[in-house]
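# A structural walkthrough
Next come the chains, spelled out residue by residue.
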2 protein chains.
Amino acid sequence: MCQLLGMNANVPTDVMFSFAGLSARAGEHPDGFGIAFFEGKGLRLFVDPNSAKDSVLAEAIKRYPIRSEVVIAHIRKATQGRVALENSHPFSRELWGRYWVGAHNGDLKTFRPPLHGAFRPVGDTDSEHAFCWLMQELAKAHCRVPSIDELTLTLRELLPRLHAQGTFNLLLSNGEALWAHASTNLHYLLRADPFGAARLADDDLSVDFAQHTRPSDRVAIVATEPLTPDEPWVRLAPGTLAVFRQGQLVA
Amino acid sequence: MCQLLGMNANVPTDVMFSFAGLSARAGEHPDGFGIAFFEGKGLRLFVDPNSAKDSVLAEAIKRYPIRSEVVIAHIRKATQGRVALENSHPFSRELWGRYWVGAHNGDLKTFRPPLHGAFRPVGDTDSEHAFCWLMQELAKAHCRVPSIDELTLTLRELLPRLHAQGTFNLLLSNGEALWAHASTNLHYLLRADPFGAARLADDDLSVDFAQHTRPSDRVAIVATEPLTPDEPWVRLAPGTLAVFRQGQLVA
């Protein structure tokens with residue numbers, strides 16, 4: 001299994017406090033990591049087959065002041081597919097002139113839905129295969145660029161087919177919205193005014209968000225397990241799809 | 001205009017000496033940079049809308065010991081498309097279960113070939129539009145995964161159509177081969193045993209390759225302008241396509 005981290009905000013936001021919390025869990029999830037930052041339509045995608053705890057790249061990312069509206073990060077404990085760069089999540093493809101990014105926690109066992117469209121896995125994980133199938137089915141379902149609401153309706157039809165075949169916790173984004181599908185463990189947290197202080201559950205790190213935010217800022221965080229012990233995380237019920245835009249839960 | 005750097009080797013090779021030489025030219029090409037590293041089928045793609053001379057990311061990459069069989073790098077001087085993350089080369093798409101990477105130096109003026117396939121630009125440069133068209137036409141030309149020789153034949157048909165519409169110096173790779181198409185300025189260099197010392201034309205940096213290589217190593221470097229003044233760079237004639245595999249010129 002793996003661990004997921006997602007962030008969606010209404011202003012470009014630094015996610016390094018949360019990423020530090022995720023990285024602290026890399027001891028048990030040492031088989032690679034990745035983090036994708038959307039900046040408008042642009043995408044920075046960092047992947048590494050090394051543990052986020054030891055990786056030179058992870059250290060560089062933590063020092064690098066990237067502010068983003070949507071982030072998806074993943075630390076890997078390999079279940080299917082060897083430890084390799086091409087098997088490190090998140091995966092990315094272009095559809096309708098937008099980059100799409102997905103990361104998966106779980107195991108689809110032997111389920112390999114047919115791929116007859118324009119998306120093929122590069123590596124050999126069940127996760128990338130499922131991501132390519134989702135891209136293929138989204139492309140088939142819409143003859144022109146759909147709205148976020150239309151995409152959400154299509155995903156509500158597609159995701160139960162994966163959920164029925166194994167464990168499929170998913171974070172997915174096109175840079176406009178963050179979709180979070182819970183199969184077993186996925187929690188979210190909404191930060192908004194009044195902002196307070198928080199400390200990480202797994203690391204000796206605290207931050208007072210009041211000093212780094214404006215009253216209009218809104219930030220949604222999604223994680224496999226709550227990253228902070230003193231904030232009101234909400235568990236997503238198995239089989240549900242949550243949609244975040246502008247730092248708010250919209251569906 | 002921009003500047004290009006490509007590398008292809010028969011063993012995973014550190015390209016930082018050459019990237020330092022390219023970065024030294026970023027003063028005149030300050031509108032972003034990017035560098036793509038293939039490691040087997042896996043890909044690391046770093047892009048930044050900041051100058052390679054000042055970018056925190058460029059500094060981190062220079063310190064990070066990445067060894068790769070194929071590298072494509074680009075420093076940008078914007079001609080079409082604003083300075084933005086999504087307009088920073090190289091661009092990447094997946095085709096036939098392989099990542100493809102392309103970077104362009106030149107200007108296609110008003111030429112926008114029709115895009116009716118599975119590849120759409122995310123940004124607004126002529127370069128990404130042409131790259132998506134190339135991916136589309138490669139996909140149409142082959143009903144199953146072609147060999148490198150077959151791909152080269154198809155590219156020899158496609159590239160003159162872009163070359164005829166403006167300036168189109170291109171570096172393209174799927175991680176197996178490096179294709180270099182010259183429209184105006186593109187030079188290559190083959191390094192092999194006996195390896196010697198080299199110094200950069202634009203930076204106070206020297207390296208003795210004899211100390212970092214084995215006799216069986218072979219490395220091909222492609223660059224807009226020769227990076228070193230004391231090595232036998234070969235200019236590619238306008239309209240020619242060179243193909244590099246395992247550090248050797250194969251076509």
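What you see is a predicted model, and the numbers here were worked out from it, not measured in a lab. (Residues numbered from 1 in each chain as written. Chains lettered and ligands numbered in written order. Predicted model: local features only at pLDDT ≥ 70, side-chain atom pairs only at ≥ 80, totals over all residues. Heavy atoms only, no water.)

## Some words on the interface of chain B and chain A
Bring the parts together and some accessible area is lost; that lost area is often taken as the interface size. Opposite the 30 residues of chain B that make contact, chain A presents 30 residues. For the pair chain B and chain A, the summed buried surface comes to about 2400 Å²; carbon and sulfur atoms form 58% of the total. The interface formed by chain B and chain A holds 4 salt bridges in total. The salt bridge partner of B:Arg93 is A:Glu94, with a shortest N-O separation of 3.1 Å. Viewed at the interface, chain A and chain B are joined by 10 residue pairs in polar contact (both at pLDDT 80 or more). (Contact = heavy atoms within 4.5 Å. Buried area = accessible area lost by both parts, 1.4 Å probe. Salt bridge = Lys/Arg side-chain N within 4 Å of Asp/Glu carboxyl O. Polar contact = N/O pair within 3.5 Å; in protein donor to acceptor, adjacent residues only side chain to side chain.)

## Points about the relation of the copies chain B and chain A
If you rotate chain B by 180° and push it 0.0 Å along the axis, it lands on chain A with an RMSD of 0.0 Å. These values place the two chain copies in the arrangement generated by a two-fold rotation axis. Interface overlap between copies: 100% of the residues of chain B at the interface are likewise at the interface in chain A, consistent with a symmetric, same-surface contact. (Least-squares fit on C-alpha atoms with pLDDT ≥ 70 in both.)

## A look at the packing of aromatic side chains
A complete count under the given rule lists 13 aromatic pairs over all chains for this structure. Taking 6.1 Å as the distance between ring centres and 45° as the angle between the ring planes, the aromatic pair formed by A:Phe19 and A:Phe33 counts as tilted. Of this pair, A:Phe19 sits in helix α1 (residues 16-23) while A:Phe33 is found in strand β2 (residues 33-39), placing the two residues 14 residues apart along the sequence. Take A:Phe33: its relative accessible area is 0%, and that puts it in the buried class. Here A:Trp96 and A:Trp100 contribute two aromatic rings whose centre-to-centre distance is 6.3 Å and whose plane-to-plane angle is 65°, an arrangement assigned as edge-to-face. Judged by relative accessible area, which is 22%, A:Trp96 ranks as partly exposed. For A:Trp100, a relative accessible area of 1% puts it in the buried group. Of the aromatic side chains, those joined through ring pairs into one cluster are A:Phe37, A:Phe46, B:Phe37 and B:Phe46. (Phe/Tyr/Trp six-rings, centres within 6.5 Å; stacked < 30°, edge-to-face > 60°. Helix = DSSP H or I, 4+ residues; strand = E, 2+ residues; numbered from the N terminus. Buried < 20%, exposed > 50% of the residue type's maximum accessible area, 1.4 Å probe, protein only.)

## Re the UniProt feature "domain: Glutamine amidotransferase type-2" (unreviewed entry) in chain A
In the UniProt entry, the feature "domain: Glutamine amidotransferase type-2" (unreviewed entry) is given for residues 2-247 of chain A. Regarding residues 2-247 of chain A, the helix share stands at 20% and the strand share at 35%, and the terminal C-alpha atoms are separated by 24 Å. (UniProt positions renumbered as here; feature names shortened; annotations may be inferred.)

## Quick word on the sheet that holds strand β7 (residues 167-173) of chain B
Residue and element names in this part refer to chain B. One open sheet holds the 6 strands; their spatial order is β5-β6-β7-β8-β14-β15, and the pairing between them is antiparallel. Of all the strands in the sheet, the pair left with one neighbour each is β5 (91-95) and β15 (248-249). Each of β5, β6 (98-107) and β7 touches helix α3 (residues 126-141); the most contacted strand, β5, lies at about 15° to it. Of the strands in this sheet, β6, β7, β8 (178-181) and β14 (241-245) are in contact with helix α4 (residues 148-163), which crosses β14 at around 150°. (Pairing = 2+ DSSP bridges. Axes fitted to C-alpha atoms, helices over the stretch in contact; angles between N-to-C directions.)

## Some words on the side chain of B:Ser183
On the secondary structure map, B:Ser183 appears in the loop between β8 and β9 (187-192). The buried category is assigned to B:Ser183, whose relative accessible area is 7%.

## Things to note about the pattern of salt bridges
Overall, the coordinates contain 22 salt bridges over all chains when judged by the stated rule. Of the charged contacts, one joins A:Asp217 and A:Arg214 as a salt bridge, the two residues approaching to 3.6 Å between their closest N and O atoms. Judged by relative accessible area, A:Asp217 falls into the buried class, the value being 7%. Within this structure, A:Glu39, A:Arg44 and B:Asp48 form a network of salt bridges that share partners.

## Concerning the sheet that holds strand β14 (residues 241-245) of chain A
Residues and elements named next belong to chain A. On the basis of which strands lie adjacent, the open sheet formed by 6 strands has the order β5-β6-β7-β8-β14-β15 and antiparallel pairing. Strands with a single pairing partner mark the edges of an open sheet, and in this sheet they are β5 (91-95) and β15 (248-249). In this sheet, strand β8 (residues 178-181) lies alongside strand β7 (residues 167-173) in antiparallel orientation, the contact comprising 4 bridges. Note on β8: the bridge partner recorded for leucine 170 is histidine 181. Set on the sheet, helix α3 (residues 126-141) makes contact with β5, β6 (98-107) and β7; between it and β5 the angle comes to about 15°. Strands β6, β7, β8 and β14 of the sheet are contacted by helix α4 (residues 148-163), whose axis makes an angle of about 150° with β14.

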